[in-house]
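Spelled out, the chains give:
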Amino acid sequence: MMKERRLCYISRNYKGRHSAGNKAKGDYEDIVARAGAHNLGLRRTYCREKLLAFLIDLAGIVVYTFSVRKGDVVFLQYPIKKYFSFICRTARWRGASTVAFIHDLGSFRRKRLTVEQELRRLSNADCIIAANDVMAEWLKEKGLERPCTGLGLHDYLSKSDSKGKPYSFPPGKIVYAGSIAERKNMFLVRLSEAIKRCEIHVYGSNHIAELKPSGNLILHNPVEPDEFIATATGDFGLVWDGDSLTGCTGDFGEYLRVNSPHKASFYLRAGLPLIVWSRSAIAHIVEREGIGIAVDRIDDIEDVLGRLTESDVRQMRDNVERVSRDLAGGMSMRRAIEKVMAWA
C-alpha cells in the first residue's frame, strides 16, 4: 500500500523573534504546520550564541536525514546558509521532493552570489515559490528551468487586531516603520522637504545622525510589532528605500523591483493602506487589490492623496481589512503550496 504523501518542513533555530526575516520564517513554519505539514527536524528555538545555534541547526539536519521518506514534499525557506543543496539531494535520494520559497536573492541585493551561482543553487530544489510574479518572471528570464510561481504579499501572523482604528479625511498622516539606517533609508533625511502638508510619523531605531525631528516629521521609539498593529494610527504606510526622493535607488531600493517587502504586510495588518513606488514589484498588487496608491516620486504623494475622494479612502480601508484577513490566515502561502504540490 502506498504511504500518504506528506507536506513537510524543517524547523530551525533563529537569533531573534521580531526582525523581519526571522518573523517571516517563523510565521511560515507555523502556517505550513497548521496546513498539516510534518516537522522533520527539531522544534524551533531562539538562540543568539553562535556555536550553540550552529549545533542546534546541525542536529536538526541530522534528524531530517533519518525522518524524510519517499513521497514527502519538503518545504524549504531559501536561503539556507549551509545545508540547502544537501537537504535537496538527500530528499531526492530518499524519493522525496523539495519546494524552495525565496525570502532573499543574494545575487540581487547583497551581490554575494552571481546570478548563475544562485540559479544553480536554486535548481537543487524541484519547485520554486518566488516572492511574487515579477521575481518569478525575472528568474525564468535569467535561465531558471524549475517550475516557479509567485507568492504575492507576505502573510503576517499576529495576535493583535487593527479593527476600529480612526483615520482622517483628507488623509494627513503618513507612517514609516523599520530599522533606520544610512545604507537603506537616507531618503528620510529630506522627506519633509517633499511632503509639507502631511504629518510623517517614523517608528524605529534611528541610526542616521542627520535624521532629526522637524515641524511635520515626528520620530517615535521602536514599538513591538503586535503593539504597533493594535495601536499605531495613520492614513497610509510608506514603502520606500534608498537615498532619493525621485525613485527607489541603491541596492535596497532597486531590490523593490523584484521583492515583496515584509513591511508592506506589516502595514496592512495594522490597517494602513500603502504608498508604494510605481516601479516596485508589488505596485500592481496594490492597484489590483485597491489597497493603496503607487507613485513615481515622493513629491507626487500629496497631489495623489489630494485627488482621493472620501469614498475612495473608505473603499481602500475596506479592501485593506479584507486583504489583512487573508494575510492573518496564511492564505498567500496556502494558495502557493496548493499549486506547487501538484508539481512536486
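Everything discussed here concerns the structure shown above.
These numbers were taken from a predicted model, which means no experiment stands behind them.

Conventions adopted
- Residues numbered from 1 in each chain as written.
- Predicted model: local features only at pLDDT ≥ 70, side-chain atom pairs only at ≥ 80, totals over all residues.
- Heavy atoms only, no water.
- Helix = DSSP H or I, 4+ residues; strand = E, 2+ residues; numbered from the N terminus.
- Rg over C-alpha atoms; globule rule 2.2 N^0.38 Å.
- Buried < 20%, exposed > 50% of the residue type's maximum accessible area, 1.4 Å probe, protein only.
- Contact = heavy atoms within 4.5 Å.
- Lys, Arg positive; Asp, Glu negative; His and termini not counted.
- Charge placed at Lys NZ, Arg CZ, Asp CG, Glu CD.
- Arc of directions from axis to C-beta.
- Pairing = 2+ DSSP bridges.
- Axes fitted to C-alpha atoms, helices over the stretch in contact; angles between N-to-C directions.
- Left-handed = near helix turned anticlockwise from the far one by under 90°.
- Nonpolar A, V, L, I, M, F, W, Y, C, P; charged D, E, K, R; others polar.

A. Representation of the overall build of the protein chain in the model. Secondary structure summary: the protein chain contains 14 helices and 14 strands in total. Relative to the globule expectation of 20 Å for 344 residues, the C-alpha radius of gyration of the protein chain, 21 Å, shows essentially globular dimensions. If you line up the protein chain on its principal axes, its C-alpha atoms span 65 × 40 × 40 Å. The proportion of buried residues among the 344 residues of the protein chain is 55%. Across the protein chain, the fraction of contacts at a sequence separation of at least 24, relative to all contacts at a separation of at least 6, is 71%. Counting 53 positive and 42 negative side-chain charges, the protein chain places the centres of these two groups 7 Å from one another.

B. Inspection of helix α4 (residues 115-122) at higher detail. When we look at burial in α4, the residues that qualify are E118, L119 and L122. Around the axis of α4, the buried residues are gathered within 100 degrees of arc, so they sit on the same side. Exposed and facing more than 90 degrees away from the buried side of α4 are E116 and R120. Buried residues along α4 sit against β5 (73-78), α3 (84-93), β6 (97-102), β7 (127-130) and α5 (133-142).

C. Structural view of the sheet that holds strand β13 (residues 274-277). The strand order across the open sheet formed by six strands is β11-β10-β9-β12-β13-β14, and the pairing between neighbours is parallel. Edge positions in the sheet fall to β11 (217-220) and β14 (292-295), since each has one partner strand and no second. Taking the axes of each pair of neighbouring strands and ignoring which way they run, one obtains an average angle of 25 degrees across the sheet.

D. Spotlight on the packing of helix α10 (residues 262-269) against helix α13 (residues 310-328). Packing of α10 against α13 leaves a shortest axis separation of 8 Å and a crossing angle of 115 degrees. You can see that α10 and α13 cross each other, and the crossing is left-handed. Mapping the contact onto sequence places S265, L268 and R269 in α10 and V320, V323, S324, L327 and A328 in α13. When grouped by side-chain class, the residues that make up the contact of α10 with α13 number five nonpolar, two polar and one charged.

E. Spotlight on the sheet that holds β5. A sheet is described by the order of its strands in space; here six strands give the open sequence β3-β1-β5-β6-β7-β8, paired in parallel fashion. One side of each edge strand has no neighbouring strand; the edge strands of this open sheet are β3 (38-39) and β8 (148-150). Both β6 and β7 contribute to a ladder of three bridges, which runs parallel. Its bridge partner being in β7, F101 is matched across the sheet by I129.

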